[in-house]
Protein chains: 2
Amino acid sequence: MAEKLEFWFEFASTYSYVAAEEIEEKAAAARIEVAWRPFLLGPIFAEQGWRDSPFNLYPAKGAYMWRDIERICQSKGIAWRRPSAFPRNGLLAARVATALDGAEKLAAFVRAVYRANFSDDLDISEPSVLKEILRGLSLDEEATLNRANDESVKRLLRARTDEAKSRGVFGAPSFFAKEELFWGSDRLELALKTLRE
Amino acid sequence: MAEKLEFWFEFASTYSYVAAEEIEEKAAAARIEVAWRPFLLGPIFAEQGWRDSPFNLYPAKGAYMWRDIERICQSKGIAWRRPSAFPRNGLLAARVATALDGAEKLAAFVRAVYRANFSDDLDISEPSVLKEILRGLSLDEEATLNRANDESVKRLLRARTDEAKSRGVFGAPSFFAKEELFWGSDRLELALKTLRE
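Residues numbered from 1 in each chain as written. Chains lettered and ligands numbered in written order. Predicted model: local features only at pLDDT ≥ 70, side-chain atom pairs only at ≥ 80, totals over all residues. Heavy atoms only, no water.

Asker: So what's going on with helix α4 (residues 59-76) of chain A? Which residues, and what values?
Answerer: Over its 18 residues, α4 of chain A runs 26 Å from end to end, which matches the ideal 26 Å to within 8%, given 1.5 Å per residue. Looking only at α4 of chain A, the buried set comprises K61, G62, Y64, M65, W66, D68, I69, R71, I72 and C73 of chain A. The inward-facing, buried residues of α4 of chain A abut α1 (14-29) and α3 (54-57) of chain A together with β4 (180-183) of chain B. Where α4 of chain A terminates, the next one or two residues include G77 of chain A, which has phi positive at roughly 70°. (Helix = DSSP H or I, 4+ residues; strand = E, 2+ residues; numbered from the N terminus. Expected span 1.5 Å × (residues − 1). Buried < 20%, exposed > 50% of the residue type's maximum accessible area, 1.4 Å probe, protein only. Contact = heavy atoms within 4.5 Å.)

In structure tokens form, the structure reads like this:
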């Protein structure tokens, strides 16, 4: 078995959505396993002096991103609706994903949260939204949310975010292949190629 | 004849170098003509509050860029040496490129300046460096530099930079295809595809 592809994602990130939609099929085709790594961009951005998404702080960059994402989703056949709020707080969703770590349904949960945010325009910071997603995956929503709010899960998510920062992550999605960092959904193929070589 | 592909580039920009190395072959294969548009990122960055390259202001982003560019150049067979100074002031080179606008040798001049900066580690803000490049292209270096410093050329370059900003450009390289903006050397294919459709 080859090394895994590490997929570091933030639920508020539009380009992470694109990567989440593509990664399983592409990784399976390359016979590479994915290690899902939810983390938080907020603390990393805050260290750079940003209290908001750079797409809001830099309007020209933001305007471009919205058009670029629309084009990308259209060309790849990915469902897309511009959310009415951006960025949405992905903290609770990231805690749930961290709590589900290793579980069979983690990937399905991640994809469902992204679709809720970027295709159904639902507020993914709302426990009720996450509960419905968990129910749809036949997971015990109350038990999972309780576990997500456990101190050990909070600590693990903080440790993951610290790890991302210490390994040079500055945006999302980020991939690691053979300890090399790749940033952006459009670097997924190159990261997979690096692992196959 | 199809619409032209507008290629907006800044001489200090590493990813613009990659695009400059690739654009002629790829555009020719797609039977699309390139409109070369030198402009300055400095005034656009300054409006965002940046007095330096974001790759210097945000060290994690910068560290990634240097590795990413090295990988890209290696995989594409593009000569690369990390310059000992970054960003180098491309103002004079941009004025020369503006003065050469429409001339047969503009593309060759642009490529040679990029190679001087990013492969030969030469200071492209030095008139002597640009003169040698012009000489190598059998262009009259004194006459061309004089024209580059003419008020009309300075004005045209400023107008181009204003145009870029007003059309939503926030980084380099940028492409316009059917009035759609594409940002980054890795969007070149998509911009060409947009023109072919």
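Don't stop here, the text continues.
Asker: Quick rundown of the UniProt feature "active site" (unreviewed entry) in chain A? Include the residues and the values.
Answerer: Residue and element names in this part refer to chain A. Those places that UniProt annotates as "active site" (unreviewed entry) correspond, in this numbering, to S13. Assignment of secondary structure puts S13 in the loop between β1 (5-9) and α1. Judged by its relative accessible area of 9%, S13 is buried. When sequence neighbours within four positions are dropped, the list of residues in contact with S13 reads Y114, F118, A172 and P173. (UniProt positions renumbered as here; feature names shortened; annotations may be inferred.)

Asker: Outline the interface of chain B and chain A, supporting the account with residue identities and numerical values.
Answerer: Each partner contributes residues to the interface: chain B has 19 residues there, and chain A has 19 residues. Taken over both partners, the interface formed by chain B and chain A buries close to 2,000 Å², and the fraction arising from carbon and sulfur atoms is 52%. Seen at the junction of chain B and chain A, the total is eight salt bridges. Two residues, E180 of chain B and R67 of chain A, come together in a salt bridge whose shortest N-O distance is 2.6 Å. Contributing elements (two or more residues each) for the side of chain B that touches chain A: α4 (59-76) and β4 of chain B. In terms of residue count, the dominant contributor to the side of chain B that touches chain A is α4 of chain B (seven residues). (Buried area = accessible area lost by both parts, 1.4 Å probe. Salt bridge = Lys/Arg side-chain N within 4 Å of Asp/Glu carboxyl O.)

Asker: How would you sum up the sheet that holds strand β2 (residues 34-38) of chain B? Please name residues and give values.
Answerer: Residues and elements named next belong to chain B. The four strands are arranged β2-β1-β3-β4 in an open sheet whose pairing can be described as mixed. Edge positions in the sheet fall to β2 and β4, since each has one partner strand and no second. Within the sheet, the average angular offset between the axes of one strand and its neighbour, ignoring direction, is 20°. The pairing of strand β1 (residues 5-9) with strand β3 (residues 174-177) spans three bridges and is classified as antiparallel. Counted as the bridge partner of W8 is S174 from β3. Against the sheet, helix α1 (residues 14-29) engages β1, β2 and β3, with an angle of about 160° to β1. (Pairing = 2+ DSSP bridges. Axes fitted to C-alpha atoms, helices over the stretch in contact; angles between N-to-C directions.)

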